[in-house]
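Spelled out, the chains give:
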Amino acid sequence: MRHTLYLMYLLSFFTRMFHFLPSELSHFLALSGLKAAHSIGLLKLLITDDQEKIDKITDDSKNISSYYFNNFKNRLGIAAGLDKDGEYIDCLSALGVGFIEVGTVTPVKQLGNPKPRLFRNRKEKSLLNRLGFNNKGVEALVENLKKRTSTIPIGVSIGKNFDTPNEQAYEDYLFCMEKVYQYSNYIAINISSPNTTDLRNLSSKEFLTELLLKIKEKQNLLAKSFDYVPIFIKISPDENQKALEEICKCIIQYKIDGIIATNTSISHNDKNGYGGLSGLPLKGKATRNLLLIKKIVGNEIPIIASGGVMSASDYQEKINAGADLVQIYSGFIFEGPKLIQDILKRKPA
């Protein structure tokens, strides 16, 4: 038990030290260090002593409304964006989370927007990013999914390349779907990132109806050759109530399997300019939208909550608001692996 605490304090110390480095560099160094610690067996110390306790406390995961999640050991997951190319799945899974969402990936490799494009505000515990789907391409991700040794459930977030017009966006999503389908436990359709020009227009009725129709057709076709893989739509926190109602009705109409609420917000005055804001300032807006979505879809569609989960109490707030699963991203950046342990060892309300 004592060595577990020492390791946790050490990881937390390095997490705080990385905050003084440029954000994108610290992100890379932190994940690389985690991968190195996993390769020599250090991460096993984090969960070995307390695994029975953690599993018992998180037994509420058996109450998840959808059978899709029966093989998830708990409700806590890593959000897309932390591990874009699936290079850190094994070391992240060793931290005790119940699932990991990788991506967002696009059909063809792209560098993303010009740097600097990731900014950390330690005082407000927020991140501003305008990365722009920087990734090595969907086929590189698939190779990493094939090579992973952990059996943790994986969601894959897919998007369109920046130079694909919205009229042809469905082709990018269908291409990525076909590539990742057999290696995924669910697929997230990212139409809500603010950092690819006009991507959020795909949430409008003009594009959404055709997109969901084609995605559903592709899903049904792939399910004839492989196990059924659920599809989730990731929604922006900046949608008003009317738009949310239209999006949710469309999701129900085309029998899409689930919703991720929410992505980052462009409604902010961050000194670093445009981009998607995440972290503590997003919590209230994301939870309000979660409540609205839950009111619209009820128990008919499972919801993964994301946005502003910085503590165990924030996690419980999402569960109480109707989330089936909860993801962390910025909270993990600021608090490190300790946040995962705090959540897993909490006493459920």
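As the structure is a prediction and not an experimental result, all values here were calculated from the model.

> Explain the packing of helix H10 (residues 283–297) against helix H11 (residues 312–320) to me, using residue names and the numbers behind them.
One way to put it is that H10 packs onto H11 with a least axis distance of 10 Å and a crossing angle of 20 degrees. In terms of their interaxial angle, H10 and H11 are classed as roughly parallel. When you trace H10 past H11, the crossing you get is right-handed. Residues Lys283, Ala286, Thr287 and Leu290 of H10 pack against Asp314, Glu317 and Lys318 of H11. Among the residues making up the contact of H10 with H11, the classes are represented as 2 nonpolar, 1 polar and 4 charged.

> Got a sec to walk through the sheet that holds strand S5 (residues 154–158)? Specific residues and values, please.
Here we have 8 strands rolled up into a closed barrel, ordered S1-S2-S5-S6-S7-S8-S10-S11, and parallel in their pairing. Within this sheet the neighbouring strands show an average axis-to-axis angle of 25 degrees, counted without direction. Direction of pairing for strand S10 (residues 303–306) relative to strand S11 (residues 325–328): parallel, over a ladder of 3 bridges. Paired with alanine 305 across the strands is valine 326, a residue of S11. Across the sheet, helix H13 (residues 337–344) lies against strand S1 (76–78) and S11, angled at about 160 degrees from S1, the strand it touches most.

> Just give me the short version of the packing of aromatic side chains, but keep the residues and values in it.
In this structure the tally under the stated criterion is 4 aromatic pairs. Between phenylalanine 99 and tyrosine 186, the ring centres sit 6.3 Å apart and the planes meet at 65 degrees, which makes this aromatic pair edge-to-face. Residue phenylalanine 99 is located in strand S2 (residues 99–105), and its partner tyrosine 186 is located in strand S6 (residues 186–190); the two are separated by 87 residues in the primary sequence. Considered together, phenylalanine 99 and tyrosine 186 belong to a single accessibility category, that of buried residues. When the ring of tyrosine 181 is compared with that of phenylalanine 226, the centres are 6.2 Å apart and the planes differ by 50 degrees; the resulting orientation is tilted. Of this pair, tyrosine 181 sits in the loop between helix H7 (169–180) and S6 while phenylalanine 226 sits in the loop between helix H8 (205–222) and strand S7 (231–235), and the two are 45 residues apart along the sequence.

> Could you give an account of the pattern of salt bridges, with specific residues and numbers?
It is possible for side chains bearing opposite charge to pair when their charged atoms get close. Taken as a whole, this structure holds 11 salt bridges when the rule is applied. Lysine 214 is paired through a salt bridge with glutamate 210; the nearest N and O atoms lie 4.0 Å apart. Of this pair, lysine 214 and glutamate 210 both sit in helix H8, 4 residues apart, which is roughly one turn of that helix. In this structure lysine 214 comes out as partly exposed when scored by relative accessible area, which is 23%. For glutamate 210, a relative accessible area of 40% corresponds to the partly exposed category. In the salt-bridge network here, residues are joined through shared partners; they are Arg200, Asp238 and Lys285.

> How would you explain the sheet that holds strand S9 (residues 276–279) if you had to name every residue and give the values?
Overall, antiparallel pairing links the 3 strands, which are arranged S3-S4-S9 in an open sheet. The sheet is open, and its two edges are formed by strand S3 (118–121) and S9, each paired on a single side. The sheet shows a mean angle of 20 degrees between the axes of neighbouring strands, taken without regard to direction. When strand S4 (residues 126–129) meets S9, the two strands line up antiparallel, connected through 4 bridges. When the bridges of S9 are listed, asparagine 129 appears paired with glycine 276.

Reading the values: the criteria
Residues numbered from 1 in each chain as written. Predicted model: local features only at pLDDT ≥ 70, side-chain atom pairs only at ≥ 80, totals over all residues. Heavy atoms only, no water. Axes fitted to C-alpha atoms, helices over the stretch in contact; angles between N-to-C directions. Helix = DSSP H or I, 4+ residues; strand = E, 2+ residues; numbered from the N terminus. Parallel < 35°, antiparallel > 145°, perpendicular 65-115°, else oblique. Left-handed = near helix turned anticlockwise from the far one by under 90°. Contact = heavy atoms within 4.5 Å. Nonpolar A, V, L, I, M, F, W, Y, C, P; charged D, E, K, R; others polar. Pairing = 2+ DSSP bridges. Phe/Tyr/Trp six-rings, centres within 6.5 Å; stacked < 30°, edge-to-face > 60°. Buried < 20%, exposed > 50% of the residue type's maximum accessible area, 1.4 Å probe, protein only. Salt bridge = Lys/Arg side-chain N within 4 Å of Asp/Glu carboxyl O.

Function-wise, these values are silent; they only describe arrangement.
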